[in-house]
Amino acid sequence: MSRIAVVPGSFDPVTLGHLDVIERAAGIFDELHVLVVHNPDKSALLPIAQRVSLILDSIAEADIEGSIVVTSWSVGLLVDYCTDVGASVLVKGIRSQVDVAYETPMAIVNRNLAGVETVFMLPAPEHAHVSSSLVRQVAALGGDVRPYVPRVVADFLQR
Ligand code: PNS
């Protein structure tokens, strides 16, 4: 039986930290779905379709191998998407104890709702300080975001 996992997130925009986790997860699972979900708690920079497009371009640019689907989800619970595509695992990148505290209640609720397990993965330490919100702030103020995001994303933000 093939093992399908979902990497959900706002990806506004996708960072090198996200890409690192996507690459590691793609090497473990038979099929990986990178799922862009609107997070109502955050004020968005990019439209959802643009985020999907930048993730696709970043995966191609990094030449990441594996069976990877990139799409978005706006109707219902995240676990409903998992059930629809037969995914039994959610993958979340963990940079610090702050992320553990943020992710733990969601992991427990998602398991209670639909039996979907959450796997925490550690990105490379050099990406531990990178976040989309930091990138949005640096980009908005005209700073150089190239150390934090794939080249296609930096080019897009610069335009
Ligand atoms: O990148 P983010 O913003 O930290 O991602 C958060 C996200 C989108 C994964 C989270 O908000 C989420 O899971 N939303 C889906 C809504 C849902 O199913 N909620 C109930 C269970 S936690």
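Since the structure is predicted, the reported quantities are computational estimates derived from the model, not experimental observations.

Asker: What exactly am I supposed to notice about unusual backbone geometry here?
Answerer: With omega at 5°, the peptide bond leading from aspartate 12 into proline 13 counts as cis. Relative to the assigned elements, proline 13 resides in the loop between β1 (4-9) and α1 (16-26). Of note in this structure, phenylalanine 11 is not a glycine but carries a positive phi near 50°. Structurally, the position occupied by phenylalanine 11 is in the loop between β1 and α1.

Asker: What am I meant to see in the pattern of salt bridges here?
Answerer: Close approach of charged atoms allows side chains with opposite charge to pair. Summed over the entire model, instances satisfying the criterion amount to 9 salt bridges. Note that arginine 151 is salt-bridged to glutamate 61, the shortest N-O span being 3.2 Å. Pair noted here: arginine 151 is in helix α6 (residues 151-158) and glutamate 61 is in helix α2 (residues 48-62), with a separation of 90 residues, a long-range link. Judged by relative accessible area, which is 35%, glutamate 61 ranks as partly exposed. As a salt-bridge pair, arginine 151 and aspartate 155 come within 3.0 Å of each other at their nearest N and O atoms. With arginine 151 and aspartate 155 both in helix α6, this residue pair falls 4 residues apart, about one helical turn. Among the charged side chains, a salt-bridge network with shared partners connects Asp12, Arg51 and Arg136.

Asker: I'm lost on the nonpolar core in this one. Help?
Answerer: Nonpolar side chains tend to gather and get buried jointly when the protein is soluble and globular. Counting 29 residues, the largest nonpolar core has Phe11, Leu32, Ile55, Ile59 and Val91 as the members making the most contacts within it. If you list the elements that add at least two residues to this core, you get β1, α1, β2 (31-37), α2, β4 (89-93) and α6. Ranked by residues supplied to this core, first place goes to α1 with 5 residues. If you look at the next biggest cluster of nonpolar residues, it comprises 11 residues, including Val6, Trp73, Tyr81 and Ala87.

Asker: Honestly, the sheet that holds strand β5 (residues 117-121) in this entry has me stumped. Any pointers?
Answerer: Sheet strands line up and pair through hydrogen bonds in the backbone, either parallel or antiparallel. Pairing in this open sheet of 5 strands is parallel, and the strands run β3-β2-β1-β4-β5 from one edge to the other. Because the sheet does not close on itself, it has two edges, and the strands there are β3 (68-73) and β5. For this sheet the average axis-to-axis angle between neighbouring strands, irrespective of direction, equals 30°. The pairing of β2 with β3 spans 6 bridges and is parallel. Opposite valine 36, over in β3, you have serine 72 as the bridge partner. Where α2 meets the sheet, it contacts β2 and β3, and its direction lies at approximately 170° from that of β3.

Asker: What's the story with the site of the ligand in this structure? I'm lost.
Answerer: By nearness alone, every residue bordering the ligand is listed as Gly9, Ser10, Val37, Asn39, Lys42, Leu77, Leu78, Lys92, Tyr102, Met106 and Asn110. Within the side chain of asparagine 39, one N or O atom sits 2.9 Å away from an oxygen atom of the ligand. Separating an oxygen atom of the ligand from a side-chain N or O atom of tyrosine 102 is a distance of 3.3 Å. With the chains in place, 79% of the 550 Å² that the ligand exposes on its own is no longer accessible. Broken down by element, the shell around the ligand gets its largest block of residues, 3 residues, from helix α4 (residues 97-114). The residue makeup of the shell around the ligand, split by class, is 5 nonpolar, 4 polar and 2 charged.

Each value, and the rule that gives it
Residues numbered from 1 in each chain as written. Predicted model: local features only at pLDDT ≥ 70, side-chain atom pairs only at ≥ 80, totals over all residues. Heavy atoms only, no water. Helix = DSSP H or I, 4+ residues; strand = E, 2+ residues; numbered from the N terminus. Salt bridge = Lys/Arg side-chain N within 4 Å of Asp/Glu carboxyl O. Buried < 20%, exposed > 50% of the residue type's maximum accessible area, 1.4 Å probe, protein only. Core = buried A, V, L, I, M, F, W, Y, C linked by side-chain atoms within 4.5 Å. Pairing = 2+ DSSP bridges. Axes fitted to C-alpha atoms, helices over the stretch in contact; angles between N-to-C directions. Contact = heavy atoms within 4.5 Å. Near = heavy atom within 4 Å. Polar contact = N/O pair within 3.5 Å; in protein donor to acceptor, adjacent residues only side chain to side chain. Areas by Shrake-Rupley, 256 points an atom, 1.4 Å probe, with all protein chains shown as cover. Nonpolar A, V, L, I, M, F, W, Y, C, P; charged D, E, K, R; others polar.

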